[in-house]
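An overview of the molecular structure
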Amino acid sequence: MRKKDGHTHTIYSHHGSQEQLSAYLDRAIELGFDEYVVTEHAPLPAPFLLSFNQPEKARYDSALYDRELKDYQSLVEEAQAKYGQQIKIKRGFEVDYFADYEDEIQVFLEKEKGWWDEIVLSVHFLPDKKGDLAAIDYDAETFEQYFGPDLDQPQQLFARYFQAIEDSIRFADRLGIKVRVGHLTLIRIYQKRFDLPDFSPEVQAQIDRILALIKAGGHEIDYNAAGFRKKDNGESYPTAAIVQRAKRLGIPLVYGSDAHQVADLGLHYEEISENIMKNS
Ligand SMILES: [Zn+2]
Ligand SMILES: [Zn+2]
């Protein structure tokens, strides 16, 4: 099996380390990776940036700024030229899905269509109970502040989150692009801290519909190691049970370190690749 990392970041995340892409690539080569997809957070939609304040800081340190886009693209192209003999580097973005900003996301994806090879499509922002968007994974305090009122009915929070995921896949289908669905169970990021329950049968049915959509659309799943690193989470995204169901459907699962620092590269690769290969 080719050793691939399908989800990695650079300095342009604004919330990771300042290590250079060359340092990530040296490490990936050392770890024996054959393929490496650079998937920086695509610029957030302009109207979102104008209004977002839950929390305000996340407006500035969640993604590439528009004015940095060219620099990011040059950085990846230069890495391809320099390291191309040693590792296959692919051009990518991690694109945020927002139901309210589909037009802006479409414009971005189509404008950059000739450039990118792979897209990780993710949901990091979800409406709170009042309907205002808030960051899911900024930190536990932010999660509690905006989603705390949901915690007495966590299945409803899960249902709202998976509805956004479902919408994101239907959106990709309408655009006719194949994506890798990012960290499918991110809503569980602080599950230990807030004692989140397992998914109810209704939510599981919703997840099964999502898996069927992923399969029908020819999409992939980001088998993301970052959840293992979060002490409040402690498991992969998606969860092991969802991985098993995805495998039964024959959905491709692609390891993603979601590295925001060089030291994240390759973490949990062995167990994830074993889970991908072993028969359920
Ligand atoms: Zn993400
Ligand atoms: Zn990411």
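Above this text sits the structure in question.
Anyway, here's the lowdown on the structure attached to this text. Values in this document were obtained by computation on a predicted structure and should not be read as measured data.

Taken together, Glu 94 (OE), His 124 (NE2) and His 183 (NE2) make up the full set of protein donors to the zinc ion (ligand 1), lying 2.1 Å away. Here the donor residues of the zinc ion (ligand 1) share one chain and are spaced in sequence as E-x29-H-x58-H. Between the zinc ion (ligand 1) and the zinc ion (ligand 2) the interatomic distance amounts to 3.3 Å, and Glu 94 serves as a bridging ligand to the pair. Highlighted residues: Glu 94 in strand β3 (residues 88-96) and His 124 in the loop between β4 (118-122) and β5 (125-127), separated in sequence by 30 residues. Note on His 124: relative accessible area 5%, which makes it buried.

In this section: helix α10 (residues 240-249). What α10 keeps buried is the set Ile 242, Val 243, Gln 244, Arg 245, Ala 246 and Lys 247. One or two residues past the end of α10 sits Gly 250, with phi positive at roughly 80°.

In this structure, Phe 93, Leu 109, Ile 136 and Phe 162 are the most contacted members of the largest nonpolar core, which totals 88 residues. Of the residues forming this core, the biggest block, 10 residues, is contributed by helix α7 (residues 154-175).

A large share of strand β1 (residues 4-8) lies buried, amounting to five of its five residues. Relative to strand β2 (residues 35-41), β1 runs parallel, the two sharing three bridges. What sits directly across from Thr 8, in β2, is Val 38. As a crossover connection, the stretch from β1 through helix α1 (residues 21-30) into β2 is right-handed.

With the rule as written, the count across this model stands at 19 salt bridges. Between Arg 27 and Glu 30 there is a salt bridge; the shortest N-O distance is 3.4 Å. Taken as a pair, Arg 27 and Glu 30 lie in helix α1 at a separation of three residues, close to a single helical turn. Judged by its relative accessible area of 61%, Glu 30 falls in the exposed class. Across the salt bridge formed by Glu 220 and Arg 180, the nearest N and O atoms sit 2.8 Å from each other. Taken together, the residues Glu 220 in strand β8 (residues 220-224) and Arg 180 in strand β7 (residues 180-181) connect sequence positions 40 residues apart. Judged by its relative accessible area of 2%, Arg 180 falls in the buried class. The network of salt bridges with common partners includes Arg 2, Lys 4, Glu 35, Lys 90, Glu 118, Arg 180 and Glu 220.

What follows is about the coordination of the zinc ion (ligand 2). Under perfect tetrahedral coordination by four donors, a metal shows angles of 109.5 degrees; under perfect octahedral coordination by six donors, it shows angles of 90 or 180 degrees. Looking at the metal site, the zinc ion (ligand 2) is ligated by His 7 (NE2), His 9 (NE2), Glu 94 (OE) and Asp 258 (OD), spaced 2.0 to 2.2 Å from it. Coordination at the zinc ion (ligand 2) comes from four donor atoms whose angles at the metal span 84 to 173°, giving a geometry best classed as irregular. Sequence spacing among the residues donating to the zinc ion (ligand 2) works out to H-x1-H-x84-E-x163-D. You can call His 7 buried: its relative accessible area is 0%. On the basis of relative accessibility, which here comes to 0%, the residue His 9 falls in the buried class.

About the thresholds
Residues numbered from 1 in each chain as written. Chains lettered and ligands numbered in written order. Predicted model: local features only at pLDDT ≥ 70, side-chain atom pairs only at ≥ 80, totals over all residues. Heavy atoms only, no water. Donors = N, O, S within 2.8 Å, 3.2 Å for Na, K, Ca; no water. Helix = DSSP H or I, 4+ residues; strand = E, 2+ residues; numbered from the N terminus. Buried < 20%, exposed > 50% of the residue type's maximum accessible area, 1.4 Å probe, protein only. Core = buried A, V, L, I, M, F, W, Y, C linked by side-chain atoms within 4.5 Å. Pairing = 2+ DSSP bridges. Right-handed = clockwise from strand over helix to strand, strands pointing away. Salt bridge = Lys/Arg side-chain N within 4 Å of Asp/Glu carboxyl O. Tetrahedral: all angles 85-135°; square planar, octahedral: opposite > 155°, others 65-115°.

Note that every value here comes from positions in space, so none of it alone points to a role or purpose.
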